[in-house]
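Here is how the chains run, residue by residue.
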Amino acid sequence: MSIRHGLLALLEHGPRYGSQLRTEFESRTGSTWPLNVGQVYTTLGRLERDGLVVQSGEDGAGHALHAITDAGRTELRTWFERPVDRTSPARDELAIKLAMAVGAPGVDIREVIQSQRRHTVKAMQDYTRLKAQALAALEGTGSRERDDIAWLLVLEQLIFQTEAEARWLDHCESRLIRLSATATATAPTTATAATPPGPGAGTGPGGVGAGSGVAPGGGAAGRAR
């Protein structure tokens, strides 16, 4: 989540102070990505350094206000118009965990998958319940507050995300089962019949005679080992 651009979007509605920005940011996103005041003021400092925000006096309670500049509005418009870059995806802890669990000593990767699936399904149910509540509130009051609509969109994104994660976990488990079955079916046997000696065996350099000491299975399967 771009905190930088999120704060610019809020400041476009007028000057704000730090804790006010934090409250509005969390209200708009349903506290899905909580901020602390330190993050807000650090980001405001960088925005001011880059000429995207300026200090704009104080309000009646003595809070230092910040306002967006023309350069900040241009940056915000560019952000809205630019697709989110997927060429360098953010690190995903679950994907890293499963990648590291493959072949890890003492780790049952299928149990890791099943444990995560239970958690993911519960999260999806929780998000779906919150969505129903949000829809009931919107339809019951006829409210079209932007914070309520924004929270509904965030909830729906979380639902789609958890649904995709659950499908991916099912796929991972199926993939592991297929690979395991394939490995079992193609594993070399240790009791293959001995390769019969060819014509002229033992009569020339490199020939293999009956008394050569080659154990049964010394043909193609034996060489593969």
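**Section: the pairing of strand E2 (residues 64-68)**
In step 1: Here E2 lies mainly inside the structure; four of its five residues are buried.
In step 2: As judged from the four bridges shared by strand E1 (residues 53-58) and E2, these two strands associate in the antiparallel manner. In the sheet register, Val54 faces E2, and the bridge partner there is Ala67.
In step 3: Two successive antiparallel strands, E1 and E2, enclose a turn made up of five residues, where Gly62 displays a positive phi of approximately 85°.

**Quick word on the side chain of Thr69**
In step 1: Mapping Thr69 onto the fold places it in the loop between E2 and helix H4 (70-81).
In step 2: Reaching out from Thr69, the side chain makes a polar contact with the backbone oxygen of Gly51 at a distance of 2.7 Å.
In step 3: In this view, Thr69 contacts Gly51, Leu52, Val53 and Val54; residues no more than four positions away in its chain are not counted.

**Looking at the confidence of the model for the protein**
In step 1: Put simply, the protein has an average pLDDT of 83, and 81% of its residues get 70 or more.
In step 2: Under a pLDDT of 50 for its full length, residues 198-225 has, in the predicted model, 18 contacts with residues more than four places off or in other chains.

**Section: helix H3 (residues 37-49)**
In step 1: With 13 residues, H3 should reach 18 Å at 1.5 Å per residue; the first-to-last C-alpha distance of 18 Å fits that figure.
In step 2: Turning to H3, its buried residues number three or more, namely Val40, Thr43, Leu44 and Leu47. In an axial view of H3, the angular spread of the buried residues amounts to 105°, which keeps them on one side of the axis.
In step 3: Looking at the packing, one finds that the buried side of H3 touches helix H1 (3-11), helix H2 (18-29), E1 and E2.
In step 4: Structurally, the start of H3 carries an N-cap: the backbone nitrogen of Gly38 is 3.0 Å from a side-chain oxygen of Asn36.
In step 5: Immediately beyond the C-terminal end of H3, within one or two residues, lies Gly51, with a positive phi of roughly 75°.

What counts and what doesn't
- Residues numbered from 1 in each chain as written.
- Predicted model: local features only at pLDDT ≥ 70, side-chain atom pairs only at ≥ 80, totals over all residues.
- Heavy atoms only, no water.
- Buried < 20%, exposed > 50% of the residue type's maximum accessible area, 1.4 Å probe, protein only.
- Helix = DSSP H or I, 4+ residues; strand = E, 2+ residues; numbered from the N terminus.
- Pairing = 2+ DSSP bridges.
- Polar contact = N/O pair within 3.5 Å; in protein donor to acceptor, adjacent residues only side chain to side chain.
- Contact = heavy atoms within 4.5 Å.
- pLDDT = per-residue confidence, 0-100.
- Expected span 1.5 Å × (residues − 1).
- Arc of directions from axis to C-beta.

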